[in-house]
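For reference, the chains in residue letters:
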Amino acid sequence: PAFALQQAIDAGMLSGPRVYPSGAMITTTGGHGDFRPLTAVPRTTGQVSEIEKTGAAAIADTADEVRLRVREQFMQGATQIKIVGNGGVSTPRSPLDMLTFTELQLRAAVETASDWGTYVLVHAYTPEAVKRAVTAGAQCIEHGHLMDDHSAELLAKNGTWLSTQPFTSEEDVGPLAPASREKFMEVTAGT
């Protein structure tokens, strides 16, 4: 969450670099970034989780919710959008190989971002997540540590950027729970 910092720098209240925030990482129920306690399930209309209140993540489970969450990020000052395409290391209940959004839901984010004159980047490790994101029109893949040659060829063919953010040791991420450490080892091996 960097909107306040971006606004303070842009207004000249603080000296600092130009900030290009994505805003909240948009994920699904149970996806990477959904850190809600199990006592917060099931989600009800109007209920906002603590992680959503901080602006770190936003949960969307339909194409219409994806559009809404994307628009909310732009309303706050996002310059591009980050969507979660599959599981992640730090989220305890999301396996790395799970897929989150459908192609149609990812396309809803891409279309909405395009309407705002910008793009979507997708958190994706696996070949399936990379393929789905690129097919939906994402312009950047974040991570990609577990992708295969076919995925890389698809990126090149479509002119999709790859932002690897390589992790090479636990020092890069800090202390991890055992389940997260196992996933982290898989990602570093893929790096």
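Residues numbered from 1 in each chain as written. Predicted model: local features only at pLDDT ≥ 70, side-chain atom pairs only at ≥ 80, totals over all residues. Heavy atoms only, no water.

Draft legend 1. Inspection of the pattern of salt bridges at higher detail. Using the criterion set out here, one finds five salt bridges in the structure. In this structure, Asp10 engages Arg18 in a salt bridge whose closest nitrogen and oxygen atoms are separated by 3.4 Å. For Arg18, a relative accessible area of 41% puts it in the partly exposed group. (Salt bridge = Lys/Arg side-chain N within 4 Å of Asp/Glu carboxyl O. Buried < 20%, exposed > 50% of the residue type's maximum accessible area, 1.4 Å probe, protein only.)

Draft legend 2. Broad picture of the packing of aromatic side chains. Going through the model one piece at a time under the given rule, you end up with one aromatic pair. With a centroid separation of 4.9 Å and an interplanar angle of 20°, the aromatic rings of Phe74 and Trp116 are classed as stacked. In this pair, Phe74 is assigned in helix α3 (residues 63-76) and Trp116 in the loop between α4 (103-115) and β4 (120-124), connecting sequence segments 42 residues apart. Take Phe74: its relative accessible area is 6%, and that puts it in the buried class. Residue classification places Trp116 among the partly exposed residues on the basis of a relative accessible area of 47%. Across the ring face of Tyr20, the terminal group of Arg18 is positioned such that the distance to the ring centre comes to 4.8 Å. (Phe/Tyr/Trp six-rings, centres within 6.5 Å; stacked < 30°, edge-to-face > 60°. Helix = DSSP H or I, 4+ residues; strand = E, 2+ residues; numbered from the N terminus. Lys NZ or Arg CZ within 6 Å of the ring centre and 35° of its normal.)

Draft legend 3. Quick peek at the pairing of β4. With five of five residues buried, β4 lies mostly within the body of the structure. Alternating residues of β4 divide into Val120, Val122 and Ala124 and Leu121 and His123, and every residue in both groups is buried. In this sheet, β4 lies alongside strand β3 (residues 81-84) in parallel orientation, the contact comprising four bridges. The partner of Ile83 across the bridge, within β4, is Val122. Note that the unit made of β3, α4 and β4 has a crossover that is right-handed. In the sheet, β4 pairs with strand β5 (residues 140-143) via four bridges, with the strands oriented parallel. Bridged to Val122 within β5 is Ile141. As for the winding sense of the linkage, the β-α-β connection from β4 through helix α5 (residues 127-136) to β5 is right-handed. (Pairing = 2+ DSSP bridges. Right-handed = clockwise from strand over helix to strand, strands pointing away.)

Draft legend 4. Inspection of the environment of Met98 at higher detail. Its location among the elements puts Met98 in the loop between β3 and α4. Met98 sits 45 residues away from Lys53 along the chain, and the two C-alpha atoms are 25 Å apart. When residues no more than four places from it in sequence are discounted, the contact partners of Met98 are Gly30, Gly31, Gly85, Asn86 and Gly87. (Contact = heavy atoms within 4.5 Å.)

Draft legend 5. Structural detail: the layout of surface pockets. In this model, the largest pocket occupies a volume close to 330 Å³. Along its surface, the largest pocket is lined by 21 residues, and Val48, Glu52, Ala58, Arg69 and Glu72 are the ones closest to its centre. Of the residues forming the lining of the largest pocket, the biggest block, six residues, is contributed by α3. Residue composition of the lining of the largest pocket, grouped by class: eight nonpolar, eight polar and five charged. In this structure, the second largest pocket encloses a volume near 260 Å³. Looking at the second largest pocket, it is lined by 17 residues, and the ones nearest its centre are His32, Val89, Ser90, His123 and Tyr125. When the residues that make up the lining of the second largest pocket are grouped by side-chain class, the tally is eleven nonpolar, five polar and one charged. (1 Å grid on protein atoms, 1.4 Å probe; cavity = no way out; pocket = protein on both sides within 12 Å on 5 of 7 lines; lining within 4 Å. Points joined across faces, edges and corners; volume = space filled by probe spheres on them. Nonpolar A, V, L, I, M, F, W, Y, C, P; charged D, E, K, R; others polar.)

Draft legend 6. Here's a closer look at the nonpolar core. Ile26, Ile81, Ile83, Val120, Val122 and Ile141 are the most contacted members of the largest nonpolar core, which has 30 residues in total. Counting residues per element, the ones that place at least two in this core are α3, β3, α4, β4, α5 and α6 (149-158). Discounting residues that sit within four places of it in the chain, Ile83 has contacts with Ile26, Phe101, Leu106, Ala109, Val120, Leu121, Val122 and His123. Residues Val89, Leu96, Tyr125 and Phe167 belong to the second largest nonpolar core, which totals six residues. (Core = buried A, V, L, I, M, F, W, Y, C linked by side-chain atoms within 4.5 Å.)

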